[in-house]
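A closer look at the structure
So you can see what is in the structure, the chains are spelled out below.
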Amino acid sequence: MTICYFTGTGNSLYVAKRIGGDLYPISQLMRQHEIVIKDDAVGIVCPVYAGEMPMMVRDFLSKASIETDYFFFVFTYGMRYGEAFAVVKRACDEEGIKLSYINAVKMVDNYLPNFEMNDQVEKLPAKNVEGQIDKLLEDIAERRTTEVNITGTGKIRMRFQRRLGYGILKQDAAREYLVNDKCVLCGTCVKVCPSNNITVTDKVRFGLHCEVCYACIHNCPANAIHLKNEKSAARYRNEHVTLEDMIKINQ
């Protein structure tokens, strides 16, 4: 089994590890000239962003040649996932990929404009993450399938989500991030960025290829990177994932 994953704060990496198999970070795969994946089962694990899959994951589906009898997709999310299943179904249909199974695991929502991180962590036990993952593992082991039907109402909601995404999933989003005087120019933000969007010289500079994953913000050792409109000064990384893990998957 092959699992391709995208993660900003470790939630999707943890779920991918629990599923098992050969794990590949999409951020590294996308740097290859050609991506060919062949296995009896192939899965993608990634977060939901504004009811959509991350921009890089959508590009991955377009670029990769995937040959498998069982293709599955797992989202991680914190509040709701909207029409994300329909978004994946439509993308798979466009790329000629048969979607066998799709599910989502409710975890911490690390979207700083809306959520206070300490509050999210306190609420985590009630979400029974391990129980959700155990059910997911059982479904995949049994090669269970799910049917995703895109209804007329769903199409309307997808259009609304896409408009919402245009305001959030902007590749120049990092140009609005604030770096305060706590920054020691350690370069950690460069190392955890999945899209090579950051450089550090005499200061931190952000480019025009942001994935809006907040990896640089949540993983900064000095807590020096902030949003103008963040609800929380606290930061989050999945408790089972280290900073070294985050650096390794993007280098």
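Report on the accompanying structure. (Residues numbered from 1 in each chain as written. Predicted model: local features only at pLDDT ≥ 70, side-chain atom pairs only at ≥ 80, totals over all residues. Heavy atoms only, no water.)

Moving on, we come to the sheet that holds strand S1 (residues 2-5). The five strands are arranged S2-S1-S4-S6-S7 in an open sheet whose pairing can be described as parallel. The open sheet has two edge strands, strand S2 (22-25) and strand S7 (101-106), and neither has a second partner. Between one strand and the next, the sheet's axes are offset by a mean angle of 20 degrees, whatever the strand orientation. Strand direction decides the pairing type here: strand S4 (residues 41-47) and strand S6 (residues 70-77), joined by seven bridges, are parallel. When the bridges of S6 are listed, Val45 appears paired with Val74. Strands S6 and S7 of the sheet are contacted by helix H6 (residues 129-141), whose axis makes an angle of about 170 degrees with S7. (Pairing = 2+ DSSP bridges. Helix = DSSP H or I, 4+ residues; strand = E, 2+ residues; numbered from the N terminus. Axes fitted to C-alpha atoms, helices over the stretch in contact; angles between N-to-C directions. Contact = heavy atoms within 4.5 Å.)

Before going further, it helps to spend a moment on empty space enclosed by the protein. If you walk through the whole model with that rule in mind, you get three cavities of 30 Å³ or more. Estimates place the volume of the largest cavity at around 90 Å³. What lines the largest cavity is a set of 15 residues, and nearest its centre among them are Tyr177, Cys193, Ile198, Cys210 and Cys216. Here the lining of the largest cavity is composed, by residue class, of twelve nonpolar, two polar and one charged. Quantified by volume, the second largest cavity comes out at close to 80 Å³. Looking at the second largest cavity, it is lined by 14 residues, and the ones nearest its centre are Cys183, Cys186, Gly187, Cys189 and Cys220. Taken together, the residues that form the lining of the second largest cavity break down as twelve nonpolar, two polar and no charged. (1 Å grid on protein atoms, 1.4 Å probe; cavity = no way out; pocket = protein on both sides within 12 Å on 5 of 7 lines; lining within 4 Å. Points joined across faces, edges and corners; volume = space filled by probe spheres on them. Nonpolar A, V, L, I, M, F, W, Y, C, P; charged D, E, K, R; others polar.)

In total, this model carries 14 salt bridges according to the counting rule given. Among the ionic pairs, Glu94 bridges to Arg58, the shortest N-O distance being 2.7 Å. Here the residue Glu94 occupies a position in helix H4 (residues 84-95), and Arg58 occupies one in helix H3 (residues 55-63), the gap between them amounting to 36 residues. Since its relative accessible area comes to 52%, Glu94 is described here as exposed. Across the pair Arg205 and Asp202 runs a salt bridge, and its minimum N-O distance is 3.0 Å. A residue is classified by how much of its surface remains accessible, and Arg205, at 36% relative accessible area, is partly exposed. (Salt bridge = Lys/Arg side-chain N within 4 Å of Asp/Glu carboxyl O. Buried < 20%, exposed > 50% of the residue type's maximum accessible area, 1.4 Å probe, protein only.)

Turning our eyes to something else, we now look at unusual backbone geometry. Among all residues except glycine, the phi angle is most often negative; among peptide bonds, the trans geometry is most common. In this structure, Leu185 is a non-glycine residue whose phi angle is positive, near 60 degrees. Structurally, Leu185 is set in the loop between strand S8 (178-179) and helix H8 (188-192). A relative accessible area of 37% places Leu185 in the partly exposed class. With a phi close to 50 degrees, Asn196 is a non-glycine residue in the positive phi region. Structurally, Asn196 is set in the loop between H8 and strand S9 (198-200).

The next subject is the side chain of Asn110. Positionally, Asn110 belongs in the loop between S7 and helix H5 (117-123). When residues no more than four places from it in sequence are discounted, the contact partners of Asn110 are Thr9, Asn11, Met117, Tyr214, His218 and Tyr236.

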